[in-house]
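# Commentary on secondary and tertiary structure
Here is what each chain is made of, one letter per residue.
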Amino acid sequence: MHVALNHTETVVCYNPGSTSADCWAARIEQFLTEGIILGKQTFVLPANADEAARQALLLNYIQENAQFSASDVRCLGVRGAILPGALPGVTRVDQGVLNACAAGYFGTIHPCNNAPTDGWAVARELGLTEQIYFADPVSSEDPLYIQACKMSGRAELPIDSHAHYLALREMIVSYATEASIPTNRVRGIFIYAGGGGFSIAAVKDGSIVAVSNPNQVGSPGITRCCDVPSLDFARWVLQLAQQGHDFKSVAAKLLRESGLMSYLGDLKVTGFEDIVGLARTGNIRVQNVLDMWYFRIAEEIGKRLTALNFKADVLYWAGAMTQATELPEGVYQHVQSMIPSNRVVAEDLEIRSLTRQTILAFQGKVPINTYTYPA
């Protein structure tokens, strides 16, 4: 049974990427009252790091951290995995989750699919196998936030409202606090620009009523195609299949080699920071591609403004890509006549949201989902 909360109890969170991994912690009591994150570190991973290397990294972070003791850790929260049918919110990592991960039963290719198994192995070392949770950011629809229209051109292919719900939830709370209004009065367009693809959401009365799917529908991301011409796309996939590509390799192209990278990858850029850097040096080609991209994002904002009757109080941004002011400013120039305020929150709200959701699950204050692997 959980003992009374004290000031040393700590949560540790983990988010693995393809070339790096983020680890951070928080004193449970201190986070809930002051929102303080402890000791966030980004560790570089060797190419194709195996699970032993990833798990050793996380365990060493916990055991050697000067800001807390391993004996203080009460629960672990991890990002992912992208499991078909996983419910939004918080899911306990148990045998059903581990079986699905072992079988490669993933909705899409993503480094966070490693997170539950990595977290489980470390939690077992710490004696916390009942206190390890994952919060799924994109693979499921949030029952609190269901978009008004999912109609596509094929009835069997609805526009699923998958989005970065972890970050979007926290963004709504953040803006409400900033504007000194209750969350049910929040109305605007919220964009989480975290990396390869990003979510654009229309928020009305504090609820998401229209949202892009960062893996499938919307403006191109850094490495994701999102919207493409349907017949040309069908022809392209057919050609790849005739060349021997299977679904997994086609998906990898769509999720890793598309978006801005398909236009600018030959310039040896590895991320948005590199692309913006070239634009700042006066590279006309890069500037032209970015101008087109900003307009495409504005088009997506326009689509979602229809769900708000074109009455939005704010264009509210979060995520790593917003560190380059060119992105929010370049997009806003196209919509400023319809949205009076353009705001960027510098804090990593996805980190804060994962921390908060893990703590609330540990304290029994939010439902904890159980995942069933349909093997």
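Look a little higher up for the structure.
Source: prediction; values computed, not measured.

Before going further, it helps to spend a moment on the overall build of the protein chain. Per the secondary structure count, the protein chain includes 12 helices and 12 strands. For 375 residues, the compact-globule estimate of 2.2 N^0.38 gives 21 Å, and the protein chain sits close to it at 21 Å. Based on the C-alpha atoms only, the size of the protein chain along its principal axes is roughly 55 × 55 × 45 Å. When each of the 375 residues of the protein chain is scored for burial, the buried share is 51%. Sequence separation of 24 or more characterises 67% of the internal contacts of the protein chain that already satisfy a separation of 6 or more. Summed over all atoms, the accessible surface of the protein chain reaches about 17400 Å², with 52% contributed by carbon and sulfur. Both charge centroids of the protein chain, one from 29 positive and one from 36 negative side chains, sit 4 Å from each other.

For the rest of this paragraph, the subject is the sheet that holds strand E2 (residues 20-27). Ordered by their spatial adjacency, seven strands build an open sheet running E3-E2-E1-E4-E6-E5-E12, and the pairing between neighbours is mixed. Unpaired on one side and paired on the other, strand E3 (38-44) and strand E12 (368-369) mark the two borders of the sheet.

It is worth spelling out the sheet that holds strand E11 (residues 342-344) at this point. The strand order across the open sheet formed by five strands is E9-E8-E7-E10-E11, and the pairing between neighbours is mixed. Here the strands that pair on one side only, and so sit at the sheet edges, are strand E9 (207-211) and E11. Direction aside, neighbouring strands of the sheet carry axes that sit 25 degrees apart on average. Here strand E10 (residues 314-318) runs beside E11; their pairing, made up of three bridges, is parallel. When the bridges of E11 are listed, Trp 317 appears paired with Val 344. Where helix H5 (residues 165-179) meets the sheet, it contacts strand E7 (188-192), strand E8 (199-204), E9, E10 and E11, and its direction lies at approximately 130 degrees from that of E7.

Bringing helix H12 (residues 349-362) into the picture now. The end-to-end C-alpha separation of H12 is 20 Å, in line with the 20 Å expected for 14 residues at 1.5 Å each. Among the 14 residues in H12, 13 count as buried, and that is most of the element. Looking one or two residues beyond H12, the residue adopting positive phi is Gly 364, at roughly 75 degrees.

Another point: the nonpolar core. Generally speaking, soluble globular proteins have nonpolar side chains that are buried together. Counting 49 residues, the largest nonpolar core has Val 12, Tyr 61, Ile 62 and Leu 83 as its most contacted members. Counting residues in hydrophobic clusters, the runner-up holds 37 residues, among them Ile 301, Ala 312, Leu 315 and Tyr 332.

So, on to the environment of Thr 129. Positionally, Thr 129 belongs in the loop between helix H4 (115-126) and strand E6 (132-135). Counting along the chain gives 53 residues from Thr 129 to Leu 76, while the straight-line C-alpha distance between them is 9.3 Å. If we ignore the near neighbours within four places in the chain, the residues touching Thr 129 are Val 93, Trp 120, Ala 123 and Arg 124.

What follows concerns unusual backbone geometry. In this structure, Asp 205 takes a positive phi of about 55 degrees despite not being glycine. Along the chain, the position of Asp 205 falls in the loop between E8 and E9.

Per the counting criterion, the structure on display carries 11 aromatic pairs. Between Trp 293 and Tyr 294, the ring centres sit 6.0 Å apart and the planes meet at 40 degrees, which makes this aromatic pair tilted. The burial state of Trp 293 is the same as that of Tyr 294; both residues are buried. Counting every residue linked through ring pairs, the aromatic cluster contains Phe 198, Phe 272, Trp 293 and Tyr 294.

Definitions and limits used
- Residues numbered from 1 in each chain as written.
- Predicted model: local features only at pLDDT ≥ 70, side-chain atom pairs only at ≥ 80, totals over all residues.
- Heavy atoms only, no water.
- Helix = DSSP H or I, 4+ residues; strand = E, 2+ residues; numbered from the N terminus.
- Rg over C-alpha atoms; globule rule 2.2 N^0.38 Å.
- Buried < 20%, exposed > 50% of the residue type's maximum accessible area, 1.4 Å probe, protein only.
- Contact = heavy atoms within 4.5 Å.
- Areas by Shrake-Rupley, 256 points an atom, 1.4 Å probe, with all protein chains shown as cover.
- Lys, Arg positive; Asp, Glu negative; His and termini not counted.
- Charge placed at Lys NZ, Arg CZ, Asp CG, Glu CD.
- Pairing = 2+ DSSP bridges.
- Axes fitted to C-alpha atoms, helices over the stretch in contact; angles between N-to-C directions.
- Expected span 1.5 Å × (residues − 1).
- Core = buried A, V, L, I, M, F, W, Y, C linked by side-chain atoms within 4.5 Å.
- Phe/Tyr/Trp six-rings, centres within 6.5 Å; stacked < 30°, edge-to-face > 60°.

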